[in-house]
Amino acid sequence: MLSLFIILLGCSNYLILNDRVNTLNNYINSLKIEDITKITIFLSGGIKDPKESLISEASIMKNNLVNNKDFNKNNLIINFILDEKSENTAQNLLNVNKYLLKNNFTYNKYLLSTSTFHKNRVNKFIINLDFDINFEWILGDEKLSD
């Protein structure tokens with residue numbers, strides 16, 4: 001039986017944020033309920049520009065997940081943790097690391113959900129923060145356009 005800890009990183013670009021949410025939703029729907037004992041989703045993303053939004057990326061992601069009629073078709077029990085303070089990738093991962101250290105790494109599978117283009121940047125922070133975890137990746141395909 002598996003207990004999963006999934007980190008979903010936010011983005012101020014709504015297309016990318018929505019792609020990450022949809023990618024995670026597809027992953028969750030692919031899980032077999034009999035294999036899972038616990039799922040925690042750590043949603044990380046604050047408010048980057050209060051002139052544009054008064055709602056954190058973490059709250060937007062949670063709302064997008066739970067309001068999607070196709071979310072969690074297997075009715076798995078999911079615990080959400082919202083990090084509404086982080087404003088960048090470094091802060092995302094610092095806050096995740098603090099949470100995991102405080103809770104003694106009590107999961108047996110760790111996943112990190114972001115975008116394919118963002119993976120290398122995230123991985124550098126993971127190495128620099130000396131995470132003692134091997135993450136599996138859940139990657140969305142939406143890209144930034146300049």
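Note that the structure is predicted; figures quoted are calculated from it, not measured.

What counts, and at which threshold
- Residues numbered from 1 in each chain as written.
- Predicted model: local features only at pLDDT ≥ 70, side-chain atom pairs only at ≥ 80, totals over all residues.
- Heavy atoms only, no water.
- Axes fitted to C-alpha atoms, helices over the stretch in contact; angles between N-to-C directions.
- Helix = DSSP H or I, 4+ residues; strand = E, 2+ residues; numbered from the N terminus.
- Parallel < 35°, antiparallel > 145°, perpendicular 65-115°, else oblique.
- Left-handed = near helix turned anticlockwise from the far one by under 90°.
- Contact = heavy atoms within 4.5 Å.
- Nonpolar A, V, L, I, M, F, W, Y, C, P; charged D, E, K, R; others polar.
- Buried < 20%, exposed > 50% of the residue type's maximum accessible area, 1.4 Å probe, protein only.
- Lys, Arg positive; Asp, Glu negative; His and termini not counted.
- Salt bridge = Lys/Arg side-chain N within 4 Å of Asp/Glu carboxyl O.
- Expected span 1.5 Å × (residues − 1).
- Arc of directions from axis to C-beta.
- Polar contact = N/O pair within 3.5 Å; in protein donor to acceptor, adjacent residues only side chain to side chain.

> It is not clear to me how the packing of helix H3 (residues 89-102) against helix H4 (residues 119-128) should be interpreted in this structure. Could you clarify?
Between two packed helices, the angle of one axis relative to the other and the distance separating the axes together describe the packing. The contact between H3 and H4 brings their axes to 10 Å, and the two run at 45°. Taken together, the axes of H3 and H4 lie oblique to each other. Regarding H3 and H4, the two cross each other, and that crossing is right-handed. Between H3, through Thr89, Ala90 and Leu93, and H4, the contact on the second element is made entirely by Arg121, Val122, Phe125 and Ile126. Residues that form the contact of H3 with H4 fall into these classes: five nonpolar, one polar and one charged.

> Would you explain the side chain of Asp19 in this entry?
Mapped onto the elements of the fold, Asp19 is located in helix H1 (residues 14-30). Of the buried charged residues, Asp19 lacks a salt bridge, with Arg20 as the closest side chain of opposite charge at 6.5 Å. Asp19 has contacts with Gly140, Asp141 and Glu142, leaving out every residue within four places of it along the chain.

> Looking at this model, I keep getting lost on H3. Mind explaining?
Think of an α-helix as turning once every 3.6 residues; residues three or four places apart then point the same way. If you check H3, its first and last C-alpha atoms are 20 Å apart, about what 14 residues at 1.5 Å a residue would give, namely 20 Å. Those residues of H3 not exposed but buried are Thr89, Asn92, Leu93, Val96, Asn97 and Leu100. Taken around the axis of H3, the buried residues stretch over an arc of 125°, which confines them to a single face. Exposed residues lying more than 90 degrees from the buried face of H3 are Lys98, Leu101 and Lys102. For H3, the secondary structure elements touched by its buried residues are strand E1 (2-9), strand E2 (36-44), strand E3 (78-83), strand E4 (109-115) and H4. Regarding H3, its N-cap is Asn88, as a side-chain oxygen of that residue lies 3.1 Å from the backbone nitrogen of Ala90 further along. Where H3 ends, the next residue or the one after it, Asn104, has phi of about 55°, a positive value.

All quantities given are derived from atomic positions and should not be read as evidence of function.
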